[in-house]
Amino acid sequence: MLYRRMNKLPTDLSILGFGCMRLPVKNNGSIDEKQATAMLRYAIDHGVNYVDTAYPYHNGQSEPFVGRALQNGYRDKVYLATKLPSWLIKSRADMDHYLDEQLKRLQTDHIDFYLVHGLMNPIWENLKALDVTRFLDDAIDDGRIKYAGFSFHDELALFKEIVDAYDWTFCQIQYNFFDEHYQAGTEGLRYAADRGLGIVVMEPLRGGMLSKDIPSINNIWQKAPSRRSPTEWALKWVWNHPEVTVVLSGMSNFGQVKQNLAFAEDGLPNSLSSEELTIFREAEDEYKKRIQIPCTGCRYCMPCSANVSIPECFEIYNQGCMFDSPNVAKYNYSFLGGMFGSPGFASQCQECGECEEKCPQGISIREQLKKVVAYFGK
């Protein structure tokens with residue numbers, strides 16, 4: 001295992017973090033605790049010291065599971081990360097309530113890395129008004145948390161605003177070779193690092209999409225002087241960035257744990273050659289050729305009177321087609337069901353046509369939304 005250090009920390013963190021959002025499950029949907037516990041402890045025994053969970057993962061089962069799995073001395077071997085359920089916060093008292101509940105669920109007296117979860121503009125504005133930074137200061141002062149950070153799902157300008165709004169220790173962003181310019185992106189990565197924040201990366205494989213066995217993509221990887229699987233290429237690309245401290249992987253079986261541990265032995269910064277970096281660009285271009293709907297995400301079609309999240313519907317549909325990953329796409333599509341606001345499914349379309357009059361790309365939005373409905377169902 002290789003390790004890196006955040007600027008504001010006295011100790012090192014494993015470059016591979018264990019994400020607890022995609023644990024193995026039984027037929028009834030509950031976590032397979034025997035298998036998941038064995039996987040987590042095996043990873044810790046082999047050098048992983050960063051474990052990441054959150055209040056809603058596995059329908060609220062993840063935190064209690066992690067609390068049980070880290071018994072018998074394993075809690076002392078790791079830095080534990082979880083997240084304030086920011087979309088549920090209506091008052092300052094709510095912040096304390098959820099943190100205290102999480103400490104009980106995790107069976108610990110402190111959380112090492114506490115993130116404000118899933119920041120987007122409406123959520124951030126609400127939390128600012130409720131003085132979330134004072135809450136973080138108080139929680140650090142009374143010992144309930146050690147280091148404060150945030151995870152992010154919005155545009156670059158908001159990311160920079162949040163970075164500058166508080167003395168964060170770290171941030172967590174989605175980052176992979178396909179998402180260099182998505183949300184915070186490379187510019188946000190460097191902006192945060194320049195201001196001393198550690199970087200934890202989520203979705204290095206885009207929920208497993210970049211691990212798919214796609215012949216046209218595999219042909220591109222075959223051009224490289226080194227032979228690696230699509231998963232190893234994708235992880236190595238993220239680790240190549242010296243600004244990145246930890247890369248989270250949501251592992252679902254023992255094979256993935258052992259595989260990723262092996263990959264983490266070679267996750268050195270600035271280790272990819274110029275030839276290899278060129279191959280990544282070829283792979284990205286090949287994925288983009290598989291796009292079905294030419295939506296640029298400009299949002300001129302919004303707002304929709306029927307509350308359809310038109311750009312998001314198209315983006316997730318395109319992801320399923322690009323990466324040949326309908327199941328992952330369906331999982332992502334389910335989050336349009338109102339977790340952070342009103343539902344935005346394509347099936348809500350009333351075919352008024354107002355969006356098509358605004359679309360600068362001339363997309364037949366109503367017809368394309370029907371394709372989305374056919375792909376994901378109602």
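Everything below is about the structure printed above this text.
Numbering of residues starts from 1 in every chain and runs along the sequence as written. Given that the model is predicted, a residue must reach a pLDDT of at least 70 before its local features are reported, and side-chain atom pairs must reach 80 or more before they are shown or counted; all residues, however, enter totals for whole chains, interfaces and linings. As a rule here, side-chain values come from all non-hydrogen atoms in the structure, and water together with hydrogens is ignored.

Draft legend 1. Examining the environment of Val48 more closely. Per the convention used, a helix needs a DSSP run of H or I reaching at least four residues, while a strand needs a run of E reaching at least two, with both numbered from the N terminus. Looking at where Val48 falls in the secondary structure, it is placed in the loop between α1 (33-45) and β4 (50-52). Dropping the residues within four chain positions of it, Val48 is found in contact with Met1, Ser14, Leu16, Gly17, Phe18, Ala43, Val78 and Leu261. Here, residues are in contact when the closest pair of their heavy atoms is within 4.5 Å.

Draft legend 2. Focus on the environment of Pro242. Note that Pro242 resides in the loop between α9 (230-239) and β10 (244-249). With a relative accessible area of 47%, Pro242 lands in the partly exposed category. Through-space distance from the C-alpha of Pro242 to that of Gly255 is 27 Å; in sequence the pair is 13 residues apart. Those residues within four positions of Pro242 in sequence are excluded, and the remaining contacts are Arg4, Pro269 and Asn270. Partly exposed describes any residue whose relative accessible area lies between the buried limit of under 20% and the exposed limit of over 50%, with all areas from a 1.4 Å probe on protein chains only and scaled to the type maximum.

Draft legend 3. Molecular detail of the sheet that holds strand β9 (residues 198-202). Each pair of strands is called paired provided DSSP finds at least two bridges between the two strands. Strands sit in the order β3-β4-β5-β6-β7-β8-β9-β10 around a closed barrel of 8 strands; the barrel is parallel. Across the sheet, the mean angle from the axis of one strand to that of its neighbour is 30°, orientation sign disregarded. Relative to strand β6 (residues 111-119), strand β5 (residues 79-84) runs parallel, the two being bridged by 4 bridges. Residue Ala81 lies in a different strand from β6, and its bridge partner there is Phe113. Axis angles are defined between N-to-C directions and span 0 to 180 degrees, where every axis is a line fitted to C-alpha atoms and, for a helix, only to the segment in contact.

Draft legend 4. Spotlight on the pairing of strand β3 (residues 16-19). Of the two faces of β3, the one carrying Leu16 and Phe18 and the one carrying Gly17 and Gly19 are both buried. The sheet contact formed by β3 and β4 spans 2 bridges and is parallel. The residue of β4 that forms the bridge with Gly19 is Asp52. By convention a crossover is right-handed if, when the strands point away from the viewer, the path from the first strand over the helix to the second runs clockwise. The parallel pair β3 and β4 is bridged by α1, and the resulting crossover is right-handed.

Draft legend 5. Looking closely at the state of the cysteines. Criterion for a disulfide: a pair of cysteine sulfur atoms at a distance within 2.5 Å. Within this structure, the stated rule accounts for 0 disulfides. In this structure Cys304 is not part of a disulfide, and its nearest cysteine sulfur, from Cys352, lies 6.3 Å away.

Draft legend 6. Fine view of unusual backbone geometry. The step from Met302 to Pro303 runs through a cis peptide bond, and the omega angle for that step is 0°. Assignment of secondary structure puts Pro303 in the loop between α11 (274-288) and α12 (310-322). For Asn72, which is not glycine, the phi dihedral falls at a positive 60°. Take Asn72: it is sitting in the loop between α2 (62-69) and β5. Among the residues examined, Asn72 registers a relative accessible area of 67% and is labelled exposed. Not every positive phi belongs to a glycine, and Asn270 is a case in point at roughly 55°. Inspection of the secondary structure puts Asn270 in the loop between α10 (254-263) and α11.

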